[in-house]
Amino acid sequence: VLGVIIQKLFPNWLFLTIAALVLAFTSYKTYIKFFATYKKEKAARAEMHRRETMAESKHSTVGADDEADATATEACDVTNEDSTAIAVDGFDSDKAEAEDDPKDLE
């Protein structure tokens, strides 16, 4: 609607000049936004590639990590009393909860 009104009010050469300036301005803004997004995505891809490379190099020395994981898994014992009490390396969760209970502080 606005374009039709402007086209009726101004001569063709002025309308075409204004339209070309608007097109140039919006193209410039689009390019600037594209370039900023491209730089962010390129940095993110480089960071992801760096992390993947580090992970691959870490997996090449997996032997020691597997033994540590197996030891940690064996250290966790789940009791069968009511399947809520879990003892890990001698840590008593019920005792810790009682120590943190604000009612006991009174």
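Residues numbered from 1 in each chain as written. Predicted model: local features only at pLDDT ≥ 70, side-chain atom pairs only at ≥ 80, totals over all residues. Heavy atoms only, no water.

A tally of regular secondary structure across the protein chain gives 4 helices and 3 strands. The order of α-helices and β-strands along the protein chain, N terminus first, is α-α-α-β-β-β-α. In the protein chain, which comprises 106 residues, the share counted as buried stands at 1%. Surface summary for the protein chain: the accessible area is close to 9,800 Å², and the carbon and sulfur share equals 63%. (Helix = DSSP H or I, 4+ residues; strand = E, 2+ residues; numbered from the N terminus. Buried < 20%, exposed > 50% of the residue type's maximum accessible area, 1.4 Å probe, protein only. Areas by Shrake-Rupley, 256 points an atom, 1.4 Å probe, with all protein chains shown as cover.)

Turning our eyes to something else, we now look at the packing of aromatic side chains. Aromatic ring pairs are defined here through the distance separating the ring centres and the angle between the ring planes. Overall, the coordinates contain 3 aromatic pairs when judged by the stated rule. Between tyrosine 31 and phenylalanine 34 the ring centres are 6.3 Å apart and the planes differ by 45°, which places this aromatic pair in the tilted class. Taken together, the residues span about one helical turn, with tyrosine 31 and phenylalanine 34 both in helix H2 (residues 12-59) at a distance of 3 residues. Taken together, the ring pairs in this structure connect Tyr31, Phe34, Phe35 and Tyr38 into an aromatic cluster. (Phe/Tyr/Trp six-rings, centres within 6.5 Å; stacked < 30°, edge-to-face > 60°.)

With that settled, consider the pattern of salt bridges. Inspection of every chain in the model, using the stated rule, returns 2 salt bridges. Ionic pairing is found between glutamate 47 and arginine 50, a salt bridge with its closest N-O pair at 2.4 Å. With glutamate 47 and arginine 50 both in helix H2 and 3 residues apart, this pair spans about one turn of that helix. The partner of glutamate 47 in a salt bridge is arginine 51, with the nearest N and O atoms 3.1 Å apart. (Salt bridge = Lys/Arg side-chain N within 4 Å of Asp/Glu carboxyl O.)

Attention now moves to the confidence of the model for the protein chain. Residues at a pLDDT of 70 or more form 57% of the protein chain, whose mean pLDDT is 74. When mean pLDDT is compared element by element in the protein chain, H2 scores highest at 94, while strand E1 (residues 76-78) scores lowest at 47. Scored below 50 in pLDDT, residues 75-88 shows 9 contacts in the model against residues more than four places distant or in partner chains. (pLDDT = per-residue confidence, 0-100. Contact = heavy atoms within 4.5 Å.)

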